[in-house]
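Spelled out, the chains give:
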Amino acid sequence: MKRHYACDIVVVGAGPAGLSAAQAAAEKNLDVVVVDANSHPGGQYYMQPLGAGSVFARSAQVMRGKTRIRGATAAGVKMLLATEVWGAVPGFVLHARDADDAVCIESKVVIAATGAHDRVQAFPGWTLPGVMTPGAAQRLAKTSSVPPGRRTVLAGSGPFLLPVAGAILKAGGTLVEVVEAQSSLLSTLPLLAAHPNKWLETMRLLFPVLAARTRLRFGEVVVAASGEKRVREVELAPLDAEGQPDFARRRVVPDIDSLLVGFGFQPQIELTAVLGCRHHFDEEAGGWCCTVEKDCGATDTSGVFAAGEVCGVNGAVPAALSGRIAGLAAAGHILDEETAFERRTLARSLQRARRFARGLNRRFMPPAGLIGRLPDETVICRCEDVTAGEIRETITEGMDTIHGVKLWTRAGMGPCQARTCGWSLARLVAEETGNSMEAIGFSRPRMPLRPVPLNVVRDSLQQVEE
């Protein structure tokens, strides 16, 4: 079965940025379609529970999401949910799938609001069942009211650990420890002092963890996990003054069945990359980001706009503001209508909103020296089963970029297209070669961007020919 849609603007992503962009464009009486892989709109931030009886159903965040979703649908936005985009070509034609059906979307303009995904660090044992990313665990808890395990250790770095901890506790899980790589939270106090509007939100995030008397540990990182059929214990080591793990002082946390490790987020740039948009490296914004004009969200590919975390990880409020800017600009691109005044006002608000997020990102940068201490037998690319030792051997033979290592070892060529291994792979190449992250580049995506049955590819291409 094949489905075909034609519209003025297609928005990929139904999070804060995508919903805001779609509503802004639809309010200009344009035909707008939003595509999202999830069964409910809202993205990670406005995540909607699957059932009305969920313990999260009446939370403030969920209710704000419902308001955003109603605003977009009232403006006439058409939602294609549980629909995953696996390809895009100039013109524009987007190829997607719904269950096993081919979906083809033709549009005059594309707005990429694809968001971000967890930035994860490889370590011995990270392929064990029960080892997950914080984002995946939060989605499981908030959509299904199911904790990731009976006894969970949550580790990594960044403020996102707090809402994940709160979601697990609310879903009935037990948090053995929350482990933050930074040595303390004192460095955030001046930033919070400068933004009083964030005080209440911070206390709301901290309260569930403190009320549960969860043990908080600082200045430590996960160095290994072990278990037979699933994760059963985790090894943690303190970081020394150079940011290196001190293995002589490592400790073991036993009797767990769930381990969550993440170091913030990185922009999800597959769509903008395959459409030929320019990207730049910004460590504080999560890594490689789509480059846009700040007052309109336009990329250097005509007809392609981008908004939200794909342009740099800054949080939900900046994402929604940048989404409205991109939506207005995209509408103006089609209608030849001037929207500069409203966009300039929004751009000033966006700049202020990003100031706090950038400050947080700066204070919770992932430790830089972890990847170089990995044993050679540690798997880096899980899809293609490529180890750290194989990558190091390739580097000694002269491959000093992501592209070269990818060609030589197939690291990053699997179904996840380096979404899982990309950061660890890039860090390892950078540390072993001495080159900067910007110099070594990123793993260029290729279609299909997601695993897709061949019959769906065939049906999609037939639609284009017809």
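Since the structure is predicted, the reported quantities are computational estimates derived from the model, not experimental observations.

Turning our attention to the overall build of the chain. Per the secondary structure count, the chain includes 14 helices and 21 strands. Taken over the C-alpha trace, the chain has a radius of gyration of 22 Å; the compact-globule value for 466 residues is 23 Å, and the two agree within 12%. Expressed along its principal axes, the backbone C-alpha trace of the chain runs to roughly 65 × 55 × 40 Å. Each charge class in the chain can be summarised by its mean position, and for the 51 positive and 48 negative side chains these summaries are 8 Å apart.

Pairing is parallel in the open sheet, where 5 strands are placed in the order β8-β15-β9-β10-β11. Pairing within the sheet leaves two strands with one partner each, and these edge strands are β8 (131-132) and β11 (215-218). Pairing geometry for strand β9 (residues 151-156) and strand β10 (residues 174-180), over 6 bridges, is parallel. Residue pairing for β10: G156 is matched across the bridge by E180. Each of β8, β9 and β15 (258-262) touches helix α3 (residues 134-144); the most contacted strand, β15, lies at about 125° to it.

Taking strand neighbours across the sheet as the criterion, the 3 strands line up as β12-β13-β14 in an open arrangement whose pairing is antiparallel. Taken across any chain shown, the strands that pair with only one partner, and hence form the sheet edges, are β12 (220-226) and β14 (251-253). Within the sheet, the average angular offset between the axes of one strand and its neighbour, ignoring direction, is 30°. Summarising the sheet, strand β13 (residues 233-238) and β14 pair through 3 bridges and their orientation is antiparallel. Among the inter-strand pairings, L236 is bridged to a residue of β14, identified as R251.

Now for the pairing of β15. Of all 5 residues in β15, 5 are buried, a share of seventy percent or more. Burial along β15 is two-sided: the residues S258, L260 and G262 and L259 and V261 are all buried. Pairing of β8 with β15 involves 2 bridges; the strand directions are parallel. Its bridge partner lying in β15, V131 is registered against L259. Note: β9 against β15, 5 bridges, orientation parallel. In the strand pairing of β15, V153 is matched with L259.

Split into domains, the chain comes out as domain 1 (2-117 + 266-361), domain 2 (122-260) and domain 3 (379-433). One C-alpha centre belongs to domain 2, the other to domain 3; they are set 27 Å apart.

Our next topic: helix α9 (residues 340-363). Relative to the 34 Å expected for 24 residues at 1.5 Å per residue, α9 spans 34 Å between its end C-alpha atoms, a close match to the ideal helical length. Its axis deflected by about 25° at R355, α9 carries its strongest bend there. Those residues of α9 lying buried are A340, R343, L346, A347, L350, A353, F356, A357, G359, L360 and N361.

Turning our attention to a positive patch on the surface. Together, R344, R348, R352 and R355 give the surface a local cluster of positive charge. Positionally, R344 belongs in helix α9. On the basis of relative accessible area, R344 is assigned to the partly exposed category, the value being 44%.

In terms of residue burial, strand β1 (residues 2-12) counts as a mostly covered element, since 8 of its 11 residues are buried. In the sheet, β1 pairs with strand β6 (residues 101-112) via 10 bridges, with the strands oriented parallel. In the sheet register, R3 faces β6, and the bridge partner there is V103. In terms of strand pairing, β1 meets strand β2 (residues 32-35) through 4 bridges, oriented parallel. In the sheet register, V10 faces β2, and the bridge partner there is V33.

Turning next to unusual backbone geometry. Cis rather than trans, the peptide bond between G91 and F92 has omega equal to 0°. With an omega of 5°, the peptide bond between M447 and P448 qualifies as cis. Here P448 is to be found in the loop between α13 (437-440) and α14 (454-465). Of note in the backbone geometry, R213 takes a positive phi value of approximately 55° without being a glycine.

According to the stated counting rule, one finds 23 salt bridges in the structure shown. Residues E283 and R427 are paired through a salt bridge, measuring 2.3 Å at the closest nitrogen-oxygen approach. Taken as a pair, E283 in the loop between β17 (279-282) and β18 (287-290) and R427 in helix α12 (residues 422-433) lie far apart in primary sequence, 144 residues in all. Note on R427: relative accessible area 11%, which makes it buried. Of the charged contacts in the structure, one is a salt bridge between D459 and R458, with a shortest N-O distance of 3.2 Å.

Taking 1.5 Å of rise per residue, 12 residues should cover 16 Å, and α12 covers 16 Å from first to last C-alpha, within 8% of that figure. Where α12 is buried, its residues touch β16 (265-267), β20 (379-381), α10 (388-396), α11 (402-409) and α13. Directly beyond the C-terminal end of α12, a positive phi value near 80° is found at G434.

About the cut-offs
Residues numbered from 1 in each chain as written. Predicted model: local features only at pLDDT ≥ 70, side-chain atom pairs only at ≥ 80, totals over all residues. Heavy atoms only, no water. Helix = DSSP H or I, 4+ residues; strand = E, 2+ residues; numbered from the N terminus. Rg over C-alpha atoms; globule rule 2.2 N^0.38 Å. Lys, Arg positive; Asp, Glu negative; His and termini not counted. Charge placed at Lys NZ, Arg CZ, Asp CG, Glu CD. Pairing = 2+ DSSP bridges. Contact = heavy atoms within 4.5 Å. Axes fitted to C-alpha atoms, helices over the stretch in contact; angles between N-to-C directions. Buried < 20%, exposed > 50% of the residue type's maximum accessible area, 1.4 Å probe, protein only. Domains from an automatic or database assignment. Expected span 1.5 Å × (residues − 1). Bend = angle between axes of the 7 residues up to and from the residue. Patch = residues over 30% accessible without salt bridge, like charges linked within 9 Å, V, L, I, M, F, W, Y side chains within 5 Å. Areas by Shrake-Rupley, 256 points an atom, 1.4 Å probe, with all protein chains shown as cover. Salt bridge = Lys/Arg side-chain N within 4 Å of Asp/Glu carboxyl O.

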